[in-house]
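One letter stands for each residue in the lines below.
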Amino acid sequence: MEFAGVIPQDAPDPRLAADARVRAVPFPVMELTPQPALSPLPIAGFVEGGLGSAQEEWAVTFGYTFWRHPENHEDPRNERELDERTRRSIEEEPPWPRPAWIVETAQLLRYPMLQEAVRTARYGSERQDATVSSQLVHHANHVLRNSFREQLGLPTQIGVNFAGEVAHSAVAPSSLVVDGERRSALHIDTDPFVYAVGFEVAERVVCTVVLDRDVLPVLDLAVSTLAVA
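In short, a report on the structure.

## Digging into the overall build of the chain
Summing up its helical and strand segments, the chain has five helices and 10 strands in all. Within the chain, the fraction of its 229 residues that count as buried is 42%. Sequence-distant contacts, at least 24 apart, represent 64% of the contacts inside the chain between residues at least 6 apart. When the accessible surface of the chain is summed, it comes to about 12700 Å², and 51% of that surface belongs to carbon and sulfur atoms.

Have a look at this one:
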């Protein structure tokens, strides 16, 4: 979540538009089952792509704030270690007023985040990688590439492939609780930094979940269909 330039104090809250966009998605969208240790990040992510009028990919992603001590969000033990640049961006007020939604969003940087943890995607008939296995590998490597750069020793600029990426051979059968029922799934349980699990939601609709291993002992690893009002 990054914002550049001077944003007027009366700038519209983008969370409202993002919520409306999620409600308009024409396929079931999954989320981690609500639980005390997680709070959804305020804005969902979206991917749309295709050729001409043919839409070959439509994806919705959700990230979460992780609370080590969910009984009290104000407990300082919930905070992560911040570099000086990030701390200044949170604590220093600019010489102009900011919208309330920017102030609220900036405060979330104090806490650990599970970025792009849940991804639900629908694929067109021309996509050859519209499988749970392919998307599980893609999602796991995407999270590793973007959230574990320091641990992997990655340079600032990297290509598509990198040393330590997850291979298709790591995918194995598993199961996952979906809407309260255990279903067949595939998972990746070989990487030292992340655990990944995925399943087929519907024809050509795939859900994948990628989580930091450090949070697994605290979470109830289950997913639910997002309720759309």
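## Some details on the pairing of strand E7 (residues 181-188)
Along a regular strand, successive side chains alternate from one face of the sheet to the other. Note that strand E6 (residues 171-178) and E7 share eight bridges and pair antiparallel. Paired with proline 173 across the bridge in E7 is leucine 186. Hairpin geometry of E6 and E7 is characterised by an intervening segment of two residues between the two adjacent antiparallel strands and by a positive phi of about 50° at aspartate 179. As judged from the three bridges shared by E7 and strand E8 (residues 194-202), these two strands associate in the antiparallel manner. Each bridged residue has a counterpart across the sheet, and for leucine 186 the counterpart in E8 is glycine 198. Turn length for the E7-E8 hairpin, with the two strands adjacent in sequence and antiparallel, is five residues.

## Considerations on unusual backbone geometry
Despite not being glycine, glutamate 116 has its phi angle at roughly 50°, a positive value. Assignment of secondary structure puts glutamate 116 in strand E5 (residues 113-123). Residue classification places glutamate 116 among the partly exposed residues on the basis of a relative accessible area of 31%.

## A look at helix H3 (residues 100-107)
Of the positions making up H3, those classed as buried are Trp101, Ile102, Thr105 and Ala106. Looking down the long axis of H3, one finds its buried residues gathered within 135° of arc, a one-sided arrangement. Those residues of H3 that are buried are in contact with helix H1 (14-23) and helix H2 (84-91).

## A word on the packing of aromatic side chains
As enumerated under the stated definition, the model contains two aromatic pairs in all. With centroids separated by 6.0 Å and ring planes inclined at 85°, the aromatic side chains of phenylalanine 27 and tryptophan 58 adopt a geometry described as edge-to-face. In this pair, phenylalanine 27 sits in the loop between H1 and strand E1 (30-32) while tryptophan 58 sits in strand E4 (residues 54-66), placing the two residues 31 residues apart along the sequence. We classify phenylalanine 27 as buried; its relative accessible area is 8%.

About the thresholds
- Residues numbered from 1 in each chain as written.
- Predicted model: local features only at pLDDT ≥ 70, side-chain atom pairs only at ≥ 80, totals over all residues.
- Heavy atoms only, no water.
- Helix = DSSP H or I, 4+ residues; strand = E, 2+ residues; numbered from the N terminus.
- Buried < 20%, exposed > 50% of the residue type's maximum accessible area, 1.4 Å probe, protein only.
- Contact = heavy atoms within 4.5 Å.
- Areas by Shrake-Rupley, 256 points an atom, 1.4 Å probe, with all protein chains shown as cover.
- Pairing = 2+ DSSP bridges.
- Arc of directions from axis to C-beta.
- Phe/Tyr/Trp six-rings, centres within 6.5 Å; stacked < 30°, edge-to-face > 60°.

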